[in-house]
Amino acid sequence: MITIIDYGMGNSGSIKNMLRKLGVASQITSDPKVIEEAGKLILPGVGAFDAGMANLRERGLAAVLDQRVKADRVPILGICLGMQLMTRRSEEGGLPGLGWIDAEARRFSVPPDSRLKVPHMGWTQVSACKESKLVTPADEKLRYYFVHSYFVDCADKVDVLLTASHGYEFAAGFECGNIMGVQFHPEKSHKFGMKLLQNFALRY
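Residues numbered from 1 in each chain as written. Predicted model: local features only at pLDDT ≥ 70, side-chain atom pairs only at ≥ 80, totals over all residues. Heavy atoms only, no water.

### A closer look at the overall build of the protein chain
- When helices and strands are counted, the protein chain shows six helices and 12 strands.
- Here the C-alpha radius of gyration of the protein chain, 16 Å, is about what a compact globule of 204 residues would show, namely 17 Å.
- In terms of overall dimensions, the protein chain has C-alpha extents of about 50 × 40 × 30 Å along its principal axes.
- Relative to its 204 residues, the protein chain shows a buried fraction of 51%.
- Put simply, 73% of the contacts in the protein chain that link residues at least 6 apart link residues at least 24 apart.
- Carbon and sulfur atoms make up 49% of the accessible area of the protein chain, which amounts to about 9,200 Å² in all. (Helix = DSSP H or I, 4+ residues; strand = E, 2+ residues; numbered from the N terminus. Rg over C-alpha atoms; globule rule 2.2 N^0.38 Å. Buried < 20%, exposed > 50% of the residue type's maximum accessible area, 1.4 Å probe, protein only. Contact = heavy atoms within 4.5 Å. Areas by Shrake-Rupley, 256 points an atom, 1.4 Å probe, with all protein chains shown as cover.)

### Quick look at the side chain of Glu-104
- With respect to the helices and strands, Glu-104 occurs in strand E6 (residues 103-107).
- A residue is classified by how much of its surface remains accessible, and Glu-104, at 13% relative accessible area, is buried.
- Separated by 3.4 Å, the side chains of Glu-104 and Arg-88 make a polar contact.
- A distance of 3.1 Å separates a polar atom in the side chain of Glu-104 from a polar atom in the side chain of Arg-89.
- For Glu-104, the residues in contact, after removing those within four places along its chain, are Thr-87, Arg-88, Arg-89, Phe-151, Val-152 and Asp-153. (Polar contact = N/O pair within 3.5 Å; in protein donor to acceptor, adjacent residues only side chain to side chain.)

### Points about the side chain of Glu-175
- Residue position: Glu-175 is located in strand E11 (residues 169-176).
- An unpaired buried charge is present at Glu-175: no salt bridge exists, and Lys-130, the closest side chain of opposite charge, is 5.5 Å distant.
- Polar side-chain contacts of Glu-175 include one of 2.5 Å to the side chain of Ser-132.
- Within the structure, the side chain of Glu-175 is placed 3.0 Å from the side chain of Tyr-204, a separation counted as a polar contact. (Lys, Arg positive; Asp, Glu negative; His and termini not counted. Salt bridge = Lys/Arg side-chain N within 4 Å of Asp/Glu carboxyl O.)

### Some details on the pairing of strand E4 (residues 76-79)
- Taking every second residue as pointing to the same face, both faces of E4 are buried, with Ile-76 and Gly-78 on one and Leu-77 and Ile-79 on the other.
- Where E4 lies against strand E12 (residues 179-182), four bridges are found, and the strand directions are parallel. Residue pairing for E12: Ile-79 is matched across the bridge by Val-182. (Pairing = 2+ DSSP bridges.)

### Digging into helix H6 (residues 190-203)
- End to end, H6 covers 20 Å across 14 residues, agreeing with the expected 20 Å (1.5 Å per residue, within 8%).
- Those residues of H6 not exposed but buried are Phe-192, Gly-193, Leu-196, Leu-197, Asn-199, Phe-200 and Ala-201. (Expected span 1.5 Å × (residues − 1).)

### As for the packing of aromatic side chains
- Here the structure, examined in full by the defined rule, presents 11 aromatic pairs.
- Pairing Phe-108 with Phe-151 gives two aromatic rings, centres 5.0 Å apart and planes at 35 degrees, and the pair type is tilted. With Phe-108 in the loop between E6 and strand E7 (120-128) and Phe-151 in strand E9 (residues 150-154), this residue pair connects regions lying 43 residues apart in the sequence.
- You can call Phe-108 buried: its relative accessible area is 5%.
- Given the relative accessible area of 9%, Phe-151 is considered buried.
- Judged by centre distance (6.0 Å) and plane angle (45 degrees), the ring pair of Phe-108 and Tyr-168 falls under tilted. Of the two residues, Phe-108 is situated in the loop between E6 and E7 and Tyr-168 in the loop between strand E10 (160-165) and E11; the sequence distance between them amounts to 60 residues.
- By way of ring pairs, the aromatic residues Phe-108, Tyr-144, Phe-146, Phe-151, Tyr-168, Phe-170, Phe-184 and Phe-192 are connected into one cluster. (Phe/Tyr/Trp six-rings, centres within 6.5 Å; stacked < 30°, edge-to-face > 60°.)

### Looking at the environment of Tyr-204
- Positionally, Tyr-204 belongs in the segment after H6.
- Between the alpha carbons of Tyr-204 and Val-74 there is a distance of 9.2 Å; along the sequence they are 130 residues apart.
- Within the local environment of Tyr-204, its side chain forms a polar contact with the side chain of Ser-132, the two groups lying 3.4 Å apart.

### Examining unusual backbone geometry
- Here the residue pair Val-118 and Pro-119 is connected by a cis peptide bond, since its omega of 10 degrees sits within 30 degrees of zero.
- The topology assignment puts Pro-119 in the loop between E6 and E7.
- The residue Arg-73 is not glycine, and still its phi comes out positive at about 55 degrees.
- Mapped onto the fold, Arg-73 is located in the loop between helix H4 (61-71) and E4.
- Residue classification places Arg-73 among the exposed residues on the basis of a relative accessible area of 52%.

This is the structure:
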């Protein structure tokens, strides 16, 4: 059973629907007591960093997640804003993040004369930086769907799992022990996203 954290900032239903297609049992909850019993966690997210952190703390979720992730070492996957909330801070706001990864979320800065736009939106090719149970080596190139204006800058490059490019290379995913995050939306990334979620469900 995968527990999807509901803190009012995510497209939890879309993630649950894709897991259902994979035959993976999941539940959406904002109840700390349910999270205390979870075997695997997904922290989704769409929206602003400070609003996300405020919601997690006001609902009593930050503390229980801290216990489950840092002390109990339950596997957790952060998606989009969920990935950014796992870092120390974001240029988008003033509140501290969960601080599970030594990293910061930074806003894209593209040249004014560039055709590139912010937010970075659409299908983008991704490259794996290290071996992981989360990403299965494939003959075809990995491609995922992104919608974001901020990206995670990891202090320790060993934590970087996936990279992509939007004007310059950035971390599209990280993995440090039981803590994983992806900047793209696997629930919108068709077969590539389905495979990643399947790997998370079955390999951890």
